[in-house]
Amino acid sequence: MVFYFKARPDAGDYTIFMGLDKHENEELIKYGFPEDIWFHVDKMSSAHVYVRLHKGQTIDDISEGLLEDCVQLVKANSIQGNKVTNIDVVYTPWYNLKKTPSMDVGQVGFHNPKMVRTVRVEKRINEIVNRLNKTKVERKPDLKVICECAAEREAVNAAERAERKLQLRDKKRREEMERIEKEKQAELRSYKGLMVSEKMTSNKQIASTQKTLQELEEDFM
């Protein structure tokens with residue numbers, strides 16, 4: 001069972017979700033998307049909360065409003081964290097989660113601790129939690145199939161992007177060749193214009209227009 005929530009409208013069209021229990025969390029850890037950002041109360045047990053960002057977005061694109069929805073939801077779904085104030089919530093991209101055979105069910109580590117961020121949550125804000133709970137939907141998705149379909153869809157998209165890139169490169173190459181050919185033709189026409197006989201002057205004509213040294217001396221005198 002996976003619980004789905006809708007983030008506040010002014011944050012954008014985002015889905016926040018979490019597993020029913022630690023066994024469901026194992027599935028979420030295993031079959032995540034690159035766009036998923038994982039949230040958990042630091043040093044306390046809590047639900048594993050995720051937000052799925054849009055394609056091409058990263059953790060840096062999470063707005064303050066969306067972040068507040070996520071941390072409030074994870075605090076509200078921590079037995080101990082929901083009772084105390086000033087707790088820390090950690091969050092990181094799904095692909096940074098590390099799972100080893102020695103870890104307990106639902107337990108995770110991190111490939112790169114530097115990619116883990118921490119936010120302080122002073123208190124529970126009931127207005128936010130209640131709003132999120134009103135959007136709550138329970139589903140039983142086959143996470144493996146969804147993940148495999150997403151991977152297959154991404155492979156198709158990647159192939160389409162590669163094809164478009166190749167077509168664009170060919171188009172630019174043709175345009176460049178056409179540009180070079182036009183420049184060559186323009187240069188050739190300009191050269192031919194210079195060679196028109198009416199515009200040319202022979203050496204004999206040049207000589208006939210020049211005065212002799214004697215004539216120049218007479219003019220000077």
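Thresholds, definitions, all that
Residues numbered from 1 in each chain as written. Predicted model: local features only at pLDDT ≥ 70, side-chain atom pairs only at ≥ 80, totals over all residues. Heavy atoms only, no water. Axes fitted to C-alpha atoms, helices over the stretch in contact; angles between N-to-C directions. Helix = DSSP H or I, 4+ residues; strand = E, 2+ residues; numbered from the N terminus. Parallel < 35°, antiparallel > 145°, perpendicular 65-115°, else oblique. Contact = heavy atoms within 4.5 Å. Nonpolar A, V, L, I, M, F, W, Y, C, P; charged D, E, K, R; others polar. Core = buried A, V, L, I, M, F, W, Y, C linked by side-chain atoms within 4.5 Å. Buried < 20%, exposed > 50% of the residue type's maximum accessible area, 1.4 Å probe, protein only. Salt bridge = Lys/Arg side-chain N within 4 Å of Asp/Glu carboxyl O. Pairing = 2+ DSSP bridges. Arc of directions from axis to C-beta. Phe/Tyr/Trp six-rings, centres within 6.5 Å; stacked < 30°, edge-to-face > 60°. Lys NZ or Arg CZ within 6 Å of the ring centre and 35° of its normal.

1. Re the packing of helix α2 (residues 64-76) against helix α3 (residues 126-134)
Working step 1: At a minimum axis separation of 9 Å, α2 and α3 run at an interaxial angle of 90 degrees. Here α3 runs roughly perpendicular to α2, going by the angle between their axes. Contacts between α2 and α3 pair Glu68, Asp69, Gln72, Leu73 and Ala76 from the former with Ile128, Val129, Arg131 and Leu132 from the latter.
Working step 2: Considering only residue class, the contact of α2 with α3 consists of five nonpolar, one polar and three charged.

2. Focus on the nonpolar core
Working step 1: Counting residues in each nonpolar core, the largest one holds 29 residues, and the members touching the most others are Ile16, Phe39, Val51, Ile62, Leu66 and Val89.
Working step 2: Put simply, the parts of the chain that give this core at least two residues each are β1 (2-6), β2 (15-19), β3 (36-41), β4 (49-52), α2, β5 (87-93), β8 (117-121) and α3.
Working step 3: If one sorts the elements of this core by residue count, α2 sits on top with six residues.
Working step 4: Those residues within four positions of Leu66 in sequence are excluded, and the remaining contacts are Ala7, Ala11, Tyr14, Ile16, Val51 and Leu53.
Working step 5: Counting residues in hydrophobic clusters, the runner-up holds 12 residues, among them Tyr4, Phe17, Trp38 and Val90.

3. A short note on the pattern of salt bridges
Working step 1: Throughout the structure, instances matching the rule amount to 12 salt bridges.
Working step 2: Residues Arg8 and Asp69 are paired through a salt bridge, measuring 2.8 Å at the closest nitrogen-oxygen approach. Highlighted residues: Arg8 in the loop between β1 and β2 and Asp69 in helix α2, separated in sequence by 61 residues.
Working step 3: Under the relative-accessibility criterion, Asp69 is labelled buried at 0%.
Working step 4: We note a salt bridge from Asp88 to Arg120, for which the minimum N-O separation is 2.6 Å. In this pair, Asp88 sits in strand β5 while Arg120 sits in strand β8, placing the two residues 32 residues apart along the sequence.
Working step 5: Under the relative-accessibility criterion, Arg120 is labelled partly exposed at 49%.
Working step 6: Residues participating in the shared-partner salt-bridge network are Arg8, Glu68, Asp69 and Arg131.

4. Examining the pairing of β4
Working step 1: Of the strand pairs in this sheet, β2 and β4 are connected by four bridges, and their pairing is antiparallel. Across the sheet, Ile16 pairs through a bridge with Val51, a residue of β4.
Working step 2: In this structure, β3 lies alongside β4, joined through four bridges in antiparallel fashion. Note that in β4 the partner of Ile37 across the bridge is Val51.

5. Some remarks on α3
Working step 1: All buried positions along α3 are accounted for by Ile128, Val129 and Leu132. Viewed end-on, α3 has its buried residues packed into an arc of 95 degrees, placing them on one side of the element. Those residues of α3 that are exposed and aimed more than 90 degrees away from the buried face are Glu127 and Lys134.
Working step 2: At its buried positions, α3 is contacted by β1, β2 and α2.

6. What about the packing of aromatic side chains?
Working step 1: Overall, the coordinates contain four aromatic pairs when judged by the stated rule.
Working step 2: Between Trp38 and Phe110 the ring centres are 5.7 Å apart and the planes differ by 65 degrees, which places this aromatic pair in the edge-to-face class. Of this pair, Trp38 sits in strand β3 while Phe110 sits in strand β7 (residues 109-110), and the two are 72 residues apart along the sequence.
Working step 3: On the basis of relative accessible area, Phe110 is assigned to the partly exposed category, the value being 25%.
Working step 4: Its end group placed over the ring of Phe33, Arg52 keeps NZ or CZ at 3.8 Å from the ring centre.

Such coordinate-based values are descriptive only and should not be taken to indicate function.
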